Amino acid sequence: MEFIMITKTTLATLLCTLLPLSCHAQAHDDTLQKIKAGTPIKVGYRAASVPFSMREGSAPPTGYTLDLCARIIDSVRKELAMPDLAVAYVEVKSSDRIQKLTDGEIDIECGSTTNTRERAAQVTFSNTIFVTSSRILARVDSPVRDIATLKGQRVAIAQGASVAPLLSGIDRERALGIQYVRVKDFKEGFDALESGRAAAFVSDDIQFAEFLARSSHPQDYAVVGEALSVDPLGIMMRKQDVRLHAIANRTLASLAASGEFDKVYARWFLSSKMKFPMGDAMKKLLKAPNNTPNY
């Protein structure tokens, strides 16, 4: 009788062949373990997701979500007794943020990412940190007034935006024949609208509020039609980072209980230029937090 010697390496290779998803999950150690071994925590940020996450020139990235993530990282420092824990910032785009997270290029994503069922199958979201809705922004001299009037129009939409498949579905269902202008981020979307490359821009209402607050001619634009969707935003982490996820949610709950959450919100959304009061949906979520995706 012939015996076959199976080594640990051979067994691991065999399991990876049969269970590739399991192997992918094990490809990255728990983030807190890596931190304890001396690795900085890698924070993903968006350069033009105002006011959630942004960066100008060589200045450090800043924004609402990054403020909340800074509180979470402070909690990690206390949990691990590592007051000198370093932070490495990595720029991500809407089209590659999930891939960079699952591949280990970042450990936590602090931008403006909508928690959807499709995304929640790949990553873990913190409890909801903001509630927004997808709307249509158009020039006031444009014929666009609602979803029906997008028929045959050039419409800007950011790559990887959660509303993209929803809009595509509406487009097919109603035979609108939308001509899509693919842009990399919010700034490029607004540029397309301003330059006339697009007749409308579909994105988050809070981004439109920020744009109009900064614009020198806000009277030239209007948010039109009904909301296409209502979207909960959260902070992304890898699924295997159970401990980091727990720290994040404990931190957010503590900020809500102390009133600090309201202060962070006011800093970014209740400025002298922009007034975007916290909605009832978000107020309820601070009292009964959850990370339920919307669709």
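Residues numbered from 1 in each chain as written. Predicted model: local features only at pLDDT ≥ 70, side-chain atom pairs only at ≥ 80, totals over all residues. Heavy atoms only, no water.

### Quick word on the overall build of the protein
Short version of the rule: Only DSSP runs of H or I covering at least 4 residues are called helices, and only runs of E covering at least 2 are called strands; the numbering of each starts at the N terminus. Exposure classes here rest on a 1.4 Å probe applied to the protein chains alone. A residue is buried below 20% of its type maximum, exposed above 50%, and partly exposed in between. The contact definition used throughout considers only heavy atoms, calling two residues in contact when any of these lie within 4.5 Å. Charge assignment: positive for Lys and Arg, negative for Asp and Glu; neither His nor the chain ends contribute. Where a charge lies is defined by one atom per residue type, namely NZ (Lys), CZ (Arg), CG (Asp) and CD (Glu).
Of regular secondary structure, the protein possesses 12 helices and 11 strands. Dimensions of the protein, computed from the C-alpha atoms along their principal axes, are close to 80 × 55 × 40 Å. Put simply, the protein has 295 residues, and 47% of those count as buried. Pairs at least 24 residues apart make up 75% of the contacts formed inside the protein by residues separated by at least 6 positions. Here the protein holds 37 positive side-chain charges and 33 negative ones, and the gap between their average locations is 2 Å.

### Here's the deal with the pairing of strand β10 (residues 200-204)
Filter applied, for reference: Two strands are said to pair when DSSP picks up at least two bridges between them.
Among the five residues that make up β10, five are buried, leaving the element largely enclosed by the rest of the structure. Here five bridges tie strand β7 (residues 130-139) to β10, and the two strands are oriented antiparallel to one another. Among the inter-strand pairings, Ile136 is bridged to a residue of β10, identified as Val202. Note that strand β8 (residues 154-158) and β10 share two bridges and pair parallel. By the bridge assignment for β10, Val155 is matched with Ala200.

### Some points on helix α4 (residues 64-80)
The cut-off we apply is this: Working rule for helices: expected span equals 1.5 Å times residues minus one.
With 17 residues, α4 ought to run about 24 Å at 1.5 Å a step, and its terminal C-alpha atoms sit 25 Å apart, in line with that. Within the sequence span of α4, burial applies to Tyr64, Thr65, Leu66, Asp67, Leu68, Cys69, Ile72, Ile73, Val76, Arg77 and Leu80. Positive backbone phi, at 55°, marks Ala81, one or two positions downstream of α4.

### Thoughts on the packing of aromatic side chains
For the record, the criterion: Each pair of aromatic rings taken from Phe, Tyr and Trp, with Trp reduced to its six-membered ring, is defined by centres within 6.5 Å and is described as stacked if the planes are under 30 degrees apart, edge-to-face if over 60, and tilted in the remaining cases.
Applying the stated rule across the entire model yields 17 aromatic pairs. Relative to Phe269, the ring of Phe130 lies with its centre 4.8 Å away and its plane at 35°, an arrangement referred to as tilted. Of this pair, Phe130 sits in strand β7 while Phe269 is found in helix α11 (residues 260-269), placing the two residues 139 residues apart along the sequence. Classification of Phe269 as buried rests on a relative accessible area of 0%. Their ring planes at 40° and their centres at 4.7 Å tell us that Tyr265 and Phe269 sit as a pair that is tilted.

### Brief notes about the pattern of salt bridges
Under the convention used in this document: Think of a salt bridge as a Lys or Arg side-chain nitrogen and an Asp or Glu carboxyl oxygen that are within 4 Å of each other.
Tallied over the full model, the rule gives 13 salt bridges. When the shortest N-O distance is used, the salt bridge between Arg71 and Glu260 registers 3.1 Å. With Arg71 in helix α4 and Glu260 in helix α11, the pair connects residues that are 189 residues apart, well separated along the chain. Judged by its relative accessible area of 25%, Arg71 is partly exposed. Between Asp96 and Lys100 there is a salt bridge whose closest N-O contact spans 3.7 Å. In this structure, Asp96 and Lys100 share a single accessibility class: buried. Through salt bridges with shared partners, one network takes in Lys34, Asp107, Arg238 and Asp241.

### Some thoughts on the domain arrangement of the protein
We count it as follows: Bear in mind that the domain bounds are from an automatic or database domain assignment. Summed over both partners, the accessible surface that disappears when two parts come together, traced with a 1.4 Å probe, is what is meant by buried area.
Domains assigned within the protein are domain 1 (35-129 + 234-287) and domain 2 (132-231). Here the C-alpha centre of domain 2 lies 26 Å away from the C-alpha centre of domain 1. With 17 residues of domain 1 in contact, the opposing surface of domain 2 contributes 16 residues. Both sides together, the interface formed by domain 1 and domain 2 hides about 1400 Å², and carbon and sulfur atoms give 59% of it. Applying the counting criterion to the domain 1 and domain 2 interface returns zero salt bridges. Sorting the residues of the side of domain 1 that touches domain 2 by element identifies β2 (48-49) and β5 (108-114) as the ones contributing at least two each.

### Side note on unusual backbone geometry
The amide bond that connects Val50 to the next residue, Pro51, takes the cis arrangement and shows omega of 0°. Within the element layout of this structure, Pro51 appears in the loop between β2 and β3 (53-54). The phi torsion at Ala81 lies on the positive side, around 55°, for a residue other than glycine. Among the structural elements, Ala81 can be located in the loop between α4 and β4 (87-91). The exposure class of Ala81 is exposed, given its relative accessible area of 62%. Positive phi values are uncommon outside glycine, yet Ala175 reaches one of about 55°.

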